[in-house]
Amino acid sequence: MEITGLSKRFTTGRGGQRRSVDALVDVTLTVADGSCLAVVGESGSGKTTLARILVGLEGADAGQVVLAGRPVAQRPRRAERRARARDIQMVFQDPNGSLNRRRTAGSAISEVLTAHHRVRGAELRRRVDDLLDQVGLLPAHARALPGELSGGQRQRVAIARALAAEPRVLVLDEAVAALDVSVQAQVLNLLAELRRVRRLTYLFITHDLSVVRQVSEQVVVMRRGEIIERGSTERVLDQPQHPYTMLLRDSAPRPGWRPRRALGRGEPRAEDMEAAR
Ligand SMILES: Nc1ncnc2c1ncn2[C@@H]1O[C@H](COP(=O)(O)OP(=O)(O)OP(=O)(O)O)[C@@H](O)[C@H]1O
């Protein structure tokens, strides 16, 4: 997946109250086939906007996305969005957002299978069971409503639903952020296994640097819509070059961590940036 010069500005308010935010500024990056690229940055740095543009939920003001050699439309119409969904699927932080509370797990997965692969009847049931099995769930889970499942199980259903389209790329937006650490580790293991077996490509958005170490070979660091540092995960996390990356790393909770220099909401303070230099 090659992303070149992607820019997006949001303007809100009217008249004198108008306010513009550059959510993405000339973002260029490549994710190699079968690899995992992590995108990190504080809240508001543009990560979700990038994800939404990739899956066609948002249009970009400028730039291009090329998937497997084919440019994808930047302001996709409905039919194009559906075609895109066969290539790129997204998994969100909160499966309650992507799973309908009144729809069973089996029905949520069937919906995607029917839309993209036109299977029905016994074949549909077989494919649902197969997808549940691939994400470590049982055929009986097909009858469960999201509210009857644990957080980890719901996220497994969301992953199975995404896989039902048979995409090449999964965009995972804080996909394990809502889970307890032990459940998080299980879901990360599952994602690693699925990537290996299905040769999937991941764009993994997270604010959690310990997750980055577990999942990705490459990482980009975003701040105010721009990529300010990039490289191998080991290099960026162990020898960060940019003060903002140092600050992110030094603010991450770890044994013995004291929240003295934790990033607050919004931007780091100037003295924090200075201290990290
Ligand atoms: N629909 C929108 N309308 C107006 N401004 C928006 C919209 N979506 C995002 N923004 C702004 O664009 C900037 C980037 O937001 P984005 O959600 O992409 O960041 P993020 O890094 O994903 O943050 P978070 O981790 O909190 O989701 C922020 O300043 C945000 O307020």
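Each value, and the rule that gives it
- Residue numbering note: each chain is counted from 1, following its sequence as written.
- Where totals are concerned, whole chains, interfaces and linings use all residues; where local detail is concerned, this predicted model gives features only for residues with pLDDT of at least 70, and gives and counts side-chain atom pairs only at 80 or more.
- Two strands form a pair only when DSSP identifies at least two bridges running between them.
- Each helix corresponds to a stretch of at least 4 residues labelled H or I by DSSP, and each strand to a stretch of at least 2 residues labelled E; elements are numbered beginning at the N terminus.
- Between N-to-C directions, angles span 0 to 180 degrees; the directions come from axes that are lines fitted to C-alpha atoms, helices contributing only their stretch in contact.
- This entry defines residue contacts through backbone-placed C-beta atoms, with two residues in contact when those atoms are within 7 Å.
- Here exposure depends only on C-beta density: within 10 Å of a residue's C-beta, 20 or more other C-beta atoms make it buried, 12 or fewer make it exposed, and intermediate numbers make it partly exposed, the C-beta atoms being placed from the backbone.
- Note: pLDDT gives the predictor's confidence per residue, expressed from 0 to 100.
- Annotation comment: domain bounds sourced from an automatic or database domain assignment.
- Side-chain classes follow a simple rule in which Ala, Val, Leu, Ile, Met, Phe, Trp, Tyr, Cys and Pro form the nonpolar group, Asp, Glu, Lys and Arg form the charged group, and the remainder, Gly included, forms the polar group.
- Between 65 and 115 degrees an angle is taken as roughly perpendicular, under 35 as roughly parallel, over 145 as roughly antiparallel, and anywhere else as oblique.
- Each crossing gets its hand from how the near helix is turned against the far one by less than a right angle, where anticlockwise is left-handed and clockwise is right-handed.

Undergrad: Explain the sheet that holds strand 3 (residues 36–40) here, please?
TA: Sheet strands pair via backbone hydrogen bonds, and the direction of the pair is either parallel or antiparallel. Read from one edge to the other, the open sheet built from 6 strands follows the order 6-7-8-3-9-10, with strand pairing classed as mixed. Both outer strands of the open sheet, strand 6 (88–91) and strand 10 (226–232), are each paired with one neighbouring strand and no more. Neighbouring strand axes in the sheet, compared pairwise and without regard to direction, differ in orientation by 20° on average. Of the pairings in the sheet, the one linking strand 7 (residues 169–173) to strand 8 (residues 201–205) comprises 5 bridges and is parallel in character. Residue pairing across strands places Val-171 opposite Leu-203, the latter belonging to strand 8. Where helix 1 (residues 47–54) meets the sheet, it contacts strand 3, strand 6, strand 7, strand 8 and strand 9 (218–223), and its direction lies at approximately 150° from that of strand 7. Here helix 6 (residues 151–164) sits on the sheet and contacts strand 6 and strand 7; the angle it forms with strand 6, its principal contact strand, is near 170°.

Undergrad: Where do I start with the environment of Glu-226 in this structure?
TA: Mapped onto the fold, Glu-226 is located in strand 10. Given 15 C-beta atoms within a 10 Å radius, Glu-226 is considered partly exposed. Expressed as a C-alpha distance, the spacing of Glu-226 and Val-25, which sit 201 residues apart in the sequence, is 5.3 Å.

Undergrad: What exactly am I supposed to notice about the confidence of the model for the protein here?
TA: Atomic detail in the predicted coordinates should be set aside for any region of low pLDDT. On average, residues of the protein carry a pLDDT of 87, and 89% of them reach 70 or more. Within the protein, the element-level pLDDT minimum falls on helix 11 (residues 270–276), averaging 39, and the maximum on strand 10, averaging 97. Segment residues 255–277: pLDDT under 50, and 20 contacts once partners within four positions in sequence are set aside and those in other chains are kept. Taken over the whole predicted complex, pTM reads 0.87, whereas the ipTM for its chain interfaces reads 0.95.

Undergrad: Would you mind showing me how to read the domain arrangement of the protein here?
TA: Frequently, the measure chosen for interface size is the accessible area removed from exposure when the parts meet. When cut into domains, the protein gives domain 1 (2–239) and domain 2 (243–277). With 11 residues of domain 1 in contact, the opposing surface of domain 2 contributes 7 residues. Counting only elements with at least two residues in the side of domain 1 that touches domain 2, the list comes to helix 8 (209–215), strand 9, strand 10 and helix 9 (233–238). Looking at side-chain class alone, the side of domain 1 that touches domain 2 contains 6 nonpolar, 2 polar and 3 charged residues.

Undergrad: I'm lost on the packing of helix 4 (residues 105–117) against helix 6 in this one. Help?
TA: Helix-helix packing: each pair is described by the crossing angle between the helix axes and the interaxial distance. One can describe the packing of helix 4 onto helix 6 by two numbers: an axis separation of 8 Å at closest approach and a directional angle of 20°. The pairing of helix 4 with helix 6 is recorded here as roughly parallel in orientation. For the element pair helix 4 and helix 6, the recorded crossing hand is right-handed. Note on element contacts: helix 6 touches helix 4 through Val-157, Ala-160, Arg-161 and Ala-164, opposite Ala-105, Ala-108, Ile-109, Val-112 and Leu-113. Each residue belonging to the contact of helix 4 with helix 6 can be placed in one class, and the counts come to 8 nonpolar, no polar and 1 charged.

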